[in-house]
Amino acid sequence: MNGEIFAAFAGHERWLNEALKEARLAASQGEVPVGAIVVRDDQVIGRGHNQVESLRDPTAHAEILAIGAAGGQGDSWRLDTATLYVTLEPCTMCSGAILLSRMGRLVFGASDPRAGGVVSTARLLDGNPYQHRIEVVGGILAAECGALLSDFFGQRRDR
């Protein structure tokens, strides 16, 4: 049993590291460093990183962009067999998109005590009206994900 748990954790780390690459790309573009990927059948089917500033679009969060890209893959918009990996706990808007996409699983890195809509300020995925249960795994690579955000905002304050 412990070997199975470790293997599952190692798989989550692998994909969260891919999401961290997206987050670093966001930071290099002056965006808040949040990255997301959608994985189905061991393949990335959607990628996204925050682009709120560059697109001048308040909805251009990493999760929204990754879910939108993934929705165009396959023969259905439903992502019930897919996993969303994101470096920061999703906000309320992104939690809504996760619900509407019928995402099968959410794996996130750092929690967001100020605006997280999954476990921190609200539990929006728990009582969803679509009768679709979304498995949630949090805290994977939380230190690395959190450090990326802290460093980014620290540099901005120093300017």
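A few points on the structure.

Here is what the cut-offs are and how they apply
Per chain, residue numbering runs from 1 following the sequence as it is written. In keeping with the model being predicted, local features are shown solely for residues with a pLDDT of at least 70 and side-chain atom pairs are shown and tallied solely at 80 or more, while totals for entire chains, interfaces and linings include all residues. The basis for the side-chain values is all heavy atoms of the structure; hydrogens and waters are excluded. Working definition: helices are DSSP H or I runs of at least four residues, strands are E runs of at least two. Numbering for both runs from the N terminus. Throughout, the radius of gyration refers to the C-alpha atoms, and the reference size of a globule is 2.2 Å times the residue count to the power 0.38. Residue burial is assigned from relative accessible area. The probe radius is 1.4 Å, only protein chains are included, and a residue is buried under 20% of its type maximum, exposed over 50%, and partly exposed in between. The criterion used for residue contact is that any of the two residues' heavy atoms lie within 4.5 Å. For the accessible areas, the method is Shrake-Rupley and the probe is 1.4 Å, while residue cover comes only from the protein chains on display. Counted as positive: Lys and Arg. Counted as negative: Asp and Glu. His and the chain ends are not counted at all. Working definition for charges: the position is that of NZ of Lys, CZ of Arg, CG of Asp or CD of Glu. By this rule, a helix spans an expected 1.5 Å times one less than how many residues it contains.

## Focus: the overall build of the protein
Thought 1: Regarding its fold elements, the protein presents 5 helices and 5 strands.
Thought 2: Written out in order from the N terminus, the α and β elements of the protein read α-β-β-α-α-β-α-β-β-α.
Thought 3: Taken over the C-alpha trace, the protein has a radius of gyration of 15 Å; the compact-globule value for 159 residues is 15 Å, and the two agree within 12%.
Thought 4: When its C-alpha atoms are laid out on the principal axes, the protein stretches across 45 × 40 × 30 Å.
Thought 5: Counting over 159 residues, the protein shows a buried share of 45%.
Thought 6: Pairs at least 24 apart in sequence give 59% of the contacts found in the protein among residues at least 6 apart.
Thought 7: When the accessible surface of the protein is split by element, carbon and sulfur atoms take 50% of a total near 8400 Å².
Thought 8: Both charge centroids of the protein, one from 15 positive and one from 19 negative side chains, sit 3 Å from each other.

## Considering helix α5 (residues 142-158)
Thought 1: Helix length check: α5 (17 residues) gives 24 Å between terminal C-alpha atoms against 24 Å at 1.5 Å per residue, within 8%.
Thought 2: Restricting attention to buried positions, one finds in α5 the residues C145, G146, L148, L149, F152 and G154.

## Structural notes on the environment of L99
Thought 1: Inspection of the secondary structure puts L99 in helix α4 (residues 92-101).
Thought 2: Look at L99 and you get buried, because its relative accessible area is 10%.
Thought 3: Considered as a pair, L99 and L125 are 26 residues apart in the sequence and their alpha carbons are 6.8 Å apart.
Thought 4: Residues in contact with L99, not counting those within four places in the same chain, are L124, L125, N128, Y130 and I134.

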